[in-house]
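Residue strings, one per chain:
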Amino acid sequence: MKCRRCGDRAALELRRHNTAFCATHFVEFFRRQVAEAVRRHRMFGPDEKILVAVSGGKDSLALWDVLIEAGYRTAGLYLDLGIDEYSRESRQRCETFAATRGQELLVERVAEAVGAPIPDVQRATRRPPCSACGLSKRYLMNRAALAHGFEVVATGHNLDDEAATLFGSVLHWQTEALARQSPVLAATHPKLVRRVKPLYRLSELETAAYAFLRRIDYIVEECPFARGATSIAHKEALSRLEEASPGAKHNFLFGFLDRARAAFERTEAVTLQECATCGQVTTGEICAFCKLAARVRGAEPASTRPDP
Amino acid sequence: MKVILRNPRREVDVVGRRRVREILADLGVVQGTVLIIRGDELLTADAMVGDDDVLELRPVMSGGRR
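### What about the overall build of chain B?
A count of helices and strands for chain B gives one helix and seven strands. In sequence order, the secondary structure elements of chain B are arranged as β-β-β-α-β-β-β-β. Relative to the compact-globule value of 11 Å for 66 residues, chain B shows a C-alpha radius of gyration of 12 Å, a close match. Considering only C-alpha atoms, chain B reaches an extent of 40 × 25 × 20 Å along its principal axes. Contacts spanning at least 24 positions in sequence make up 52% of the contacts within chain B whose residues lie at least 6 apart.

### Some thoughts on the environment of glutamine 31 of chain B
Considering the arrangement of structural elements, one finds glutamine 31 of chain B in the loop between helix H1 (20–27) and strand S4 (34–38). What makes glutamine 31 of chain B partly exposed here is the crowd of 19 C-beta atoms within 10 Å. Taking the C-alpha atoms as reference, glutamine 31 of chain B lies 9.8 Å from threonine 44 of chain B; in sequence the two are 13 residues apart. Setting aside residues no more than four positions away along its own chain, glutamine 31 of chain B makes contact with Glu243 of chain A together with Arg21, Leu24 and Ala45 of chain B.

### Focus on the pairing of strand S1 (residues 2–5) of chain B
All names here are of chain B. As judged from the four bridges shared by S1 and strand S2 (residues 10–13), these two strands associate in the antiparallel manner. By the bridge assignment, valine 3 is partnered in S2 with valine 12. With antiparallel pairing between neighbouring strands as the criterion, S1 and S2 make up a hairpin whose turn holds four residues, including asparagine 7 at a positive phi of roughly 50°. By the bridge criterion, four bridges tie S1 to strand S7 (residues 54–59) in an arrangement that is parallel. Bridge pairing links leucine 5 to leucine 57 in S7.

### Thoughts on the interface of chain B and chain A
At the junction of the two partners, chain B supplies 21 residues and chain A supplies 33 residues. Contributions of two or more residues to the side of chain B that touches chain A are made by S4 and strand S5 (41–42) of chain B. Looking at side-chain class alone, the side of chain B that touches chain A contains seven nonpolar, eight polar and six charged residues.

### Quick notes on helix H3 (residues 84–100) of chain A
All names here are of chain A. Its 17 residues give H3 an end-to-end C-alpha distance of 25 Å, which sits within 8% of 24 Å, the value for a rise of 1.5 Å per residue. If you check which residues of H3 are buried, you get Ser87, Ser90, Arg91, Arg93, Cys94, Phe97 and Ala98. Looking down the long axis of H3, one finds its buried residues gathered within 155° of arc, a one-sided arrangement. In this structure, H3 carries Asp84, Glu85, Arg88, Ala99 and Thr100 as exposed residues pointing more than 90 degrees from its buried face. In the core, the buried residues of H3 are packed alongside strand S3 (49–54), helix H2 (58–69), strand S4 (73–80) and strand S5 (104–109).

### Focus on the packing of helix H5 (residues 118–125) of chain A against helix H6 (residues 129–147) of chain A
Residues and elements named next belong to chain A. It is at 9 Å that the axes of H5 and H6 come closest, and there the two elements cross at 120°. Between H5 and H6, the angle is such that the two are oblique. Between H5 and H6 lies a crossing whose hand is right-handed. Side by side, H5 and H6 meet where Ile118, Val121, Gln122 and Thr125 of the first sit next to Pro129, Ala132 and Cys133 of the second. Classifying every residue of the contact of H5 with H6 by side-chain character gives five nonpolar, two polar and no charged.

### Concerning the nonpolar core
All names here are of chain A. Core analysis: the largest hydrophobic core is formed by 87 residues, its most contacted members being Ala11, Leu12, Phe26, Val52, Leu77 and Ala209. Top element by residues in this core is H6. It accounts for eight residues. Counting contributing residues per domain, this core is built from domain 1 (23–220 + 229–266) and domain 2 (268–308), each supplying no fewer than three.

### So, the confidence of the model for chain A
With 95% of its residues at a pLDDT of 70 or more, chain A has an overall mean of 93. Between residues 300–308 of chain A, whose pLDDT stays under 50, and residues either more than four places distant or in other chains, the model counts 13 contacts.

### Structural notes on the sheet that holds S5 of chain B
In spatial order, the strands read S2-S1-S7-S4-S5 (chain B); together these five strands make up an open sheet with mixed pairing. Unpaired on one side and paired on the other, S2 and S5 of chain B mark the two borders of the sheet.

### Some details on unusual backbone geometry
Residue proline 8 of chain B follows asparagine 7 of chain B across a cis peptide bond; omega there is 0°. As for its position among the elements, proline 8 of chain B is in the loop between S1 and S2. With a phi angle near 40°, aspartate 84 of chain A is a residue other than glycine that sits in the positive phi range. Within the secondary structure, aspartate 84 of chain A sits in helix H3. A residue is classified by how many C-beta atoms lie within 10 Å of it, and aspartate 84 of chain A, with 12 of them, is exposed. Here tryptophan 173 of chain A, not a glycine, exhibits a phi torsion of approximately 45°, which is positive. Positionally, tryptophan 173 of chain A belongs in the loop between helix H7 (159–171) and helix H8 (175–180).

Rules of the game
Position numbers for residues count from 1 along each chain, tracking the sequence in the order it is written. Written order decides the labels, with chains lettered from A and ligands numbered from 1. Restriction of local features to residues with pLDDT of at least 70 applies here, the model being predicted, together with a cutoff of 80 or more for giving and counting side-chain atom pairs; totals for whole chains, interfaces and linings are based on all residues. Helix and strand assignments come from DSSP, with helices taken as H or I runs of at least 4 residues and strands as E runs of at least 2, each series counted from the N terminus. Only C-alpha atoms enter the radius of gyration, while the globule expectation follows 2.2 Å times N to the 0.38, with N the number of residues. Residues are scored as being in contact if the C-beta atoms we place from backbone atoms lie within 7 Å. Each residue is classed by its C-beta neighbour count within 10 Å, where at least 20 other C-beta atoms makes it buried, 12 or fewer makes it exposed, and intermediate counts make it partly exposed; the C-beta atoms are placed from backbone geometry. Being paired, for any two strands, means DSSP has found at least two bridges between them. The residue classification treats Ala, Val, Leu, Ile, Met, Phe, Trp, Tyr, Cys and Pro as nonpolar and Asp, Glu, Lys and Arg as charged. All others, Gly included, are polar. In a helix, the anticipated span is given by 1.5 Å times the number of residues less one. Here the arc refers to the set of directions running from the helix axis out to each C-beta atom. To get an axis, a line is fitted to the C-alpha atoms, and for a helix only the part in contact is used. The angle between two axes follows their N-to-C directions and goes from 0 to 180 degrees. An angle below 35 degrees is read as roughly parallel, one above 145 as roughly antiparallel, one from 65 to 115 as roughly perpendicular, and any other as oblique. With the far helix as reference, a near helix turned anticlockwise by less than a right angle produces a left-handed crossing, and one turned clockwise produces a right-handed crossing. Here, a nonpolar core denotes buried Ala, Val, Leu, Ile, Met, Phe, Trp, Tyr and Cys residues that are linked to one another through C-beta atoms within 7 Å. Each domain's limits were defined by an automated method or a database of domain assignments. Summary of the metric used: pLDDT quantifies the predictor's per-residue confidence within the range 0 to 100.

Right, here's the structure in full:
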């Protein structure tokens, strides 16, 4: 198989685009796709400083690499989940990446914020670990961005992640989740930062190939708590569809974003307020993260914030 | 040739000159769910590989709620 651009031996076949690229032209393709995502959704401007949430995996480190190479001002944010060896190795990958590129890396420990590392959170609350982990990540990303003066957080969600999330939401007709699914989540409150997904146009295979070709040392091993996760089952089902019908995932996600998402956008306004415990934004009196932390610590959340 | 698979990590011996696509099918690996790595290069599924090669089929799927 030959590169569509130069005719050299191809390194990667992109069946959904009915094309193939050599290493050099694939890297160019990948960066163009990120630039197109940023431009199309006005994710951030050239002068904004971007906080990149990094896990040590292929997606987030590939994203950070692209943004650095494109000349953006960035810092990384690593959330230490406290999952034993997995967290130690993933943090080391992020620290090495940041150090070799002269970038700042912020580190937040979930155990400090919620009262216990993720494995203990699961035992204390009997919540699925991915659920508590996702909630903690979203909360801590926003809190860290506010504390350090960032207006935008970029995450490494790729096309497969987004298609699997959409698939799960459709299976259960979670209309609120469908309304929220977007490459950009706008800052709808002064204490919410914008969240963007510049890799949403690129598949998991493509982010892995980019990381490999750029010699990024990422953690290949899967999070031990992801085994058996529903999102993995959805991804596997979609990959079977993709094998039989290249472009199926792309068409599913992009068709939704272009033609269906608007139908789910809520017409009624959601009232946002500040959590009585921590001051972060929530729709109720106490935010979901503080409720989780209270369960972990074995106490009900208390209203400790002084009256204004 | 030696084929290295992950999650869990294991090695499989494959005999003879074969196309990567055939090896994936024999091992039950869905095309597009792994990087096909030989040394420091990526291969496409139509590439021919032989007895002296070492292939790594590196999964690309990451999961959980992100």
